[in-house]
Amino acid sequence: MNITYSHAPQGTEVWHALRCGRITGSQFKTARDKLKSGKPSGKAILYARNVARERFGGKAESVFQTFAMKAGQEQEPFARQAYETTTGRIVHEVGFAMTDCGMYGVSPDGR
């Protein structure tokens, strides 16, 4: 499987467009959620409908940013620097990474 990386900063219009219609890492658990019977849960069905709506309608739902998400974004440069200093490895910033099939994507921050 090949991975395509985008350097579009997280939260920008380009980044939102790249996420549109894809199952993302932050929602993968929801996409796979099942009932005891083995059937998809209500949350999984709702998420699948939203992804399909995005894929065919072209517009993603707005994402609510929690305090923890905002704090994490603010701390990313410091965490990256600490990692580079500790390991000697350079981190290349990445805004979004997606599979070659185009169905899945994640925002890894760096690679």
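Quantities reported herein were computed from a predicted structural model and do not represent experimental measurements.

Participant: Please clarify how the sheet that holds strand β2 (residues 23-24) should be interpreted in this entry.
Facilitator: Remark on secondary structure: sheet strands pair via backbone hydrogen bonds, oriented parallel or antiparallel. Across the sheet, four strands lie side by side as β1-β4-β5-β2; this open sheet has mixed pairing. Of all strands in the sheet, those bounded by a partner on one side alone are β1 (3-6) and β2.

Participant: Explain the environment of K70 to me, please; I cannot follow it from the model alone.
Facilitator: Inspection of the secondary structure puts K70 in helix α4 (residues 67-87). A C-alpha to C-alpha distance of 20 Å links K70 and A17, two positions 53 residues apart in sequence.

Participant: Teacher, can you tell me more about the nonpolar core here?
Facilitator: For soluble globular proteins, the rule of thumb is that nonpolar side chains tend to be buried together. If you look at the biggest cluster of nonpolar residues, it comprises five residues: A8, W15, L18, F96 and M98. Looking at this core, the elements with two or more residues in it are α1 (13-19) and β4 (96-99). In this view, A8 contacts V14, W15, L18 and G95; residues no more than four positions away in its chain are not counted.

The rules behind these values
Residues numbered from 1 in each chain as written. Predicted model: local features only at pLDDT ≥ 70, side-chain atom pairs only at ≥ 80, totals over all residues. Heavy atoms only, no water. Pairing = 2+ DSSP bridges. Helix = DSSP H or I, 4+ residues; strand = E, 2+ residues; numbered from the N terminus. Core = buried A, V, L, I, M, F, W, Y, C linked by side-chain atoms within 4.5 Å. Buried < 20%, exposed > 50% of the residue type's maximum accessible area, 1.4 Å probe, protein only. Contact = heavy atoms within 4.5 Å.

Without other data, these values stay purely geometric and don't point to any function.
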